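Results of the structural survey
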Amino acid sequence: MATYDLVVIGTGPGGYVCAVRAAQLGMKVAVVEKNATLGGTCLNVGCMPSKALLHASEMFEEAGHSFAKMGVSVSTPKLDLPAMMDFKQQGIDGNVKGVEFLMKKNKIDVLKGSGKILGTGKVEVSADGKSQVVETKNIVIATGSDIARLKGIEIDEKRIVSSTGALSLEKVPGRLLVIGAGVIGLELGSVWRRLGSEVMVVEFLDRILPGMDGEIAKQFQRILEKQGFAFKLGSKLTGVEANGKALLAKIEPAAGGAAETIEADVVLVCIGRVPFTDGLGLKEAGVALDERGRVQIDAHFATNVKGVYAIGDVVAGPMLAHKAEDEGVAVAEILAGQAGHVNYDVIPGVVYTTPEVSSVGKTEEELKQAGQAYTVGKFPFTANGRSKVNQTTDGFVKILADAKTDRVLGVHIIGREAGEMIHEAVVLMEFGGSAEDLARSCHAHPTRSEAIKEAALAVGKRAIHM
Ligand code: FAD
Ligand code: NAI
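Residues numbered from 1 in each chain as written. Chains lettered and ligands numbered in written order. Predicted model: local features only at pLDDT ≥ 70, side-chain atom pairs only at ≥ 80, totals over all residues. Heavy atoms only, no water.

1. Section: the pattern of salt bridges
As a reminder of what qualifies: Here, a salt bridge means any side-chain nitrogen of Lys or Arg that lies within 4 Å of a carboxyl oxygen of Asp or Glu. Helix and strand assignments come from DSSP, with helices taken as H or I runs of at least 4 residues and strands as E runs of at least 2, each series counted from the N terminus. Think of it in three bands: residues with accessible area under 20% of the maximum for their type are buried, residues over 50% are exposed, and the middle band is partly exposed, with areas taken using a 1.4 Å probe on protein chains only.
Scanning the model with the defined rule gives 21 salt bridges in all. Measuring nitrogen to oxygen at the nearest pair gives 3.4 Å for the salt bridge that ties R416 to E58. Highlighted residues: R416 in the loop between β22 (408-415) and α12 (418-430) and E58 in helix α3 (residues 47-65), separated in sequence by 358 residues. According to the relative accessible area criterion, R416 is partly exposed, its value standing at 22%. Notably, a salt bridge pairs D265 with R175, separated by 3.1 Å at the nearest N-O pair. Pair noted here: D265 is in the loop between β14 (260-264) and β15 (266-269) and R175 is in strand β9 (residues 175-179), with a separation of 90 residues, a long-range link.

2. A short note on the site of ligand 2
Where we set the bar: Residues are labelled near a given molecule or strand when at least one of their non-hydrogen atoms is within 4 Å of it. Counted as a polar contact is a pair of N or O atoms within 3.5 Å, where, for protein atoms, one must be capable of donating a hydrogen and the other of accepting one, and residues adjacent in sequence contribute only when both atoms are in side chains. Here the accessible surface of atoms and residues is derived via Shrake-Rupley with a 1.4 Å probe, and residues count as covered only by protein chains that are part of the display. These domain boundaries are the output of an automatic or database domain assignment.
The environment of ligand 2 is made up of 24 residues, and the closest members are E187, E203, G272, M319 and V350. Contact between ligand 2 and C270: an oxygen atom at 3.5 Å from a main-chain N or O atom of the residue. Here G272 contributes a backbone N or O atom positioned 2.9 Å from an oxygen atom of ligand 2. Across the complex, the protein chains shield 79% of the 840 Å² of accessible surface that ligand 2 would expose by itself. Going through the elements one at a time, α6 (183-194) and β12 (235-243) are the ones with two or more residues in the shell around ligand 2. When residues in the shell around ligand 2 are grouped by element, the largest group, three residues, is from α6. Of the domains in this structure, domain 1 (3-146 + 274-335) and domain 2 (160-271) are the two that each give at least three residues to the shell around ligand 2.

3. Section: the sheet that holds β14
The following threshold applies: Should DSSP find at least two bridges between two strands, the strands are taken to pair. A fitted line through C-alpha atoms represents every axis, and for helices the fit uses only the stretch in contact; the resulting angles, taken between N-to-C directions, go from 0 to 180 degrees.
One open sheet accounts for three strands, arranged β12-β13-β14; its pairing is antiparallel. Sheet topology places β12 and β14 at the edges, where each strand pairs with a single neighbour. Across the sheet, the mean angle separating the axes of adjacent strands is 30 degrees when strand polarity is ignored. Note that strand β13 (residues 246-253) and β14 share five bridges and pair antiparallel. The residue bridging I251 from the neighbouring strand is E260, located in β14.

4. Remarks on the nonpolar core
Looking at soluble globular proteins, one finds that nonpolar side chains tend to be buried together. Rules: In these notes, a set of buried Ala, Val, Leu, Ile, Met, Phe, Trp, Tyr and Cys residues joined through side-chain atoms within 4.5 Å is what counts as a nonpolar core. In this description, contact between two residues means that some pair of their heavy atoms is separated by no more than 4.5 Å.
Core analysis: the largest hydrophobic core is formed by 38 residues, its most contacted members being L186, W192, I208, F220 and L268. For this core, the secondary structure elements donating two or more residues are α3, α4 (81-105), β9, α6, β10 (198-202), α7 (214-227) and β15. A per-element tally of this core places α7 first, with five residues. Beyond its immediate sequence surroundings of up to four residues, L186 is in contact with A181, I208, L209, F220, L224, F229, F231 and T353.

5. Topic: the environment of A68
With respect to the secondary-structure elements, A68 resides in the loop between α3 and α4. With 341 residues separating them in the primary sequence, A68 and L409 have C-alpha atoms 42 Å apart.

6. Details of the pairing of β12
For β12 and β13, the ladder comprises eight bridges, and the chain directions are antiparallel. For V240, the partnering residue across the bridge sits in β13 and is A249. Connecting the antiparallel pair β12 and β13 is a turn made up of two residues, with G244 showing a positive phi of about 65 degrees.

7. A few points about the layout of surface pockets
Filter applied, for reference: Throughout, the protein atoms alone are placed on a 1 Å grid, and a set of points is a cavity if a 1.4 Å probe fits but cannot get out or a pocket if it is open with protein on both sides within 12 Å along at least five of seven lines; lining residues have an atom within 4 Å of a point. Grid points are joined across faces, edges and corners, and a volume is the space filled by probe spheres set on the points. Think of it as three bins: nonpolar holds Ala, Val, Leu, Ile, Met, Phe, Trp, Tyr, Cys and Pro, charged holds Asp, Glu, Lys and Arg, and polar takes everything else, Gly as well.
One number sums up the size of the second largest pocket: a volume of about 580 Å³. Along the walls of the second largest pocket sit 22 residues, with E62, S66, T354, Q391 and R416 positioned nearest its centre. Those elements that place two or more of their residues in the lining of the second largest pocket are α3, α6, α7 and α11 (385-390). Among the elements that line the lining of the second largest pocket, the one with the most residues is α3, at four residues. Taken together, the residues that form the lining of the second largest pocket break down as four nonpolar, nine polar and nine charged.

Below is the structure:
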């Protein structure tokens, strides 16, 4: 029987990063993966394929709409969807191979099959009707999440799709109805709108992107509407019927009331994700779940069963790849006797649309609710030189700082490249920095990042270019 220091179940960004860090720290490690390829949701049907399609569709739109005004004359671009899907697949394959390489490089055994916990120190791995049991000092559950479903609505991944089907449609739907104005709805809605779909988004709440700063979300909605998105807020889907080639979606006000019927060619259901624990044997092994079906852990990622830990989407917290990765590193370090730790106050979030939306720390709504006194500094990209010359001036930077100490509590950006720009705020906040620290840090000219410096200056009411 094979024996290990650590067996990690699941090879998404949580699992494979945890395995690599543990191997670096001298542990004998194996990963268990039930899918044909390594990399989990993120590499196979999540972050990476969606970003490939966002990039390709953005280039398509730019070529059609922005090149001419810069004096670049091209004939109207034509869409070759199969080639775009190949581009996406090449990106997936390259990244999956990268994870395989990392497993080899770090001498991590890859056990293909479904993992089941038999109790402290024992994992059964089953594939193709055969099974083996491996012994291990510690187990990390990193089995991720699955799509949330709506009662009575069957996802066939052809016409009624989840994000997985929406990443592989064979033709551009004439009318795409998106259920849920969260991250997936706005990212994949953007992809298909750019490629030619009419997109309507139905959202249960009275706003888009719940959890993001309200002012940013409002401006984002306006920009998306200008791009052609239609929104139906405060509404819910209650049923879908097929009527020949069209789908008839029943939409009701969230609070109840008369239903209306909306015709669509494809319905994308993206109303969140749920922890995935099927087949892990948690009940038999006595591993406790919380009220939302997530594996319950303490501050050190330990479950109630000795030697069993959990990280990533399957535990509480934002369902983000980088959060899963950081937890993977932290738990490996804890198992090696070090002080592994994740600072949940400073986890960035990015929506990879055009413009992008990024955020770290507290929103204005959260500060108000906590009764925290704060100052706000804002700076629009219309006043940023680089954005002006590139004619990409949508959006602004917003910095929230403690009214007494000037410590930065939250940074929110809407604008091109906002997802790259947020990281100076992340580092600043990790070091407990102030708006004054940011304002006095020299920023290269001309960059869009100067808008962050100006917003920091605006906290002290002394922005230069506004
Ligand atoms: P996962 O990546 O879900 O991996 C879990 C793995 O465990 C899977 O490979 C699964 O097959 C395996 N597994 C499960 N049970 C077993 C078992 N019993 N035995 C063996 N193997 C098992 N996040 C971002 O930060 N940025 C983004 O841009 C982003 N884009 C996204 C786009 C989409 C369309 C989706 C759906 C998600 C996106 N996410 C993004 C979220 C991100 O994918 C997840 O937060 C991340 O993958 C979670 O990592 P994980 O390691 O916890 O789990
Ligand atoms: P989400 O939680 O971001 O958004 C779901 C939306 O659906 C919410 O606005 C919610 O109010 C709404 N909703 C819920 N029930 C509804 C109903 N019955 N009718 C209408 N609307 C309803 O979830 P989403 O977009 O499915 O993404 C899942 C997870 O994947 C997210 O938690 C996110 O963290 C992760 N992800 C991250 C990305 C990124 O970091 N760029 C990209 C894509 C996904």
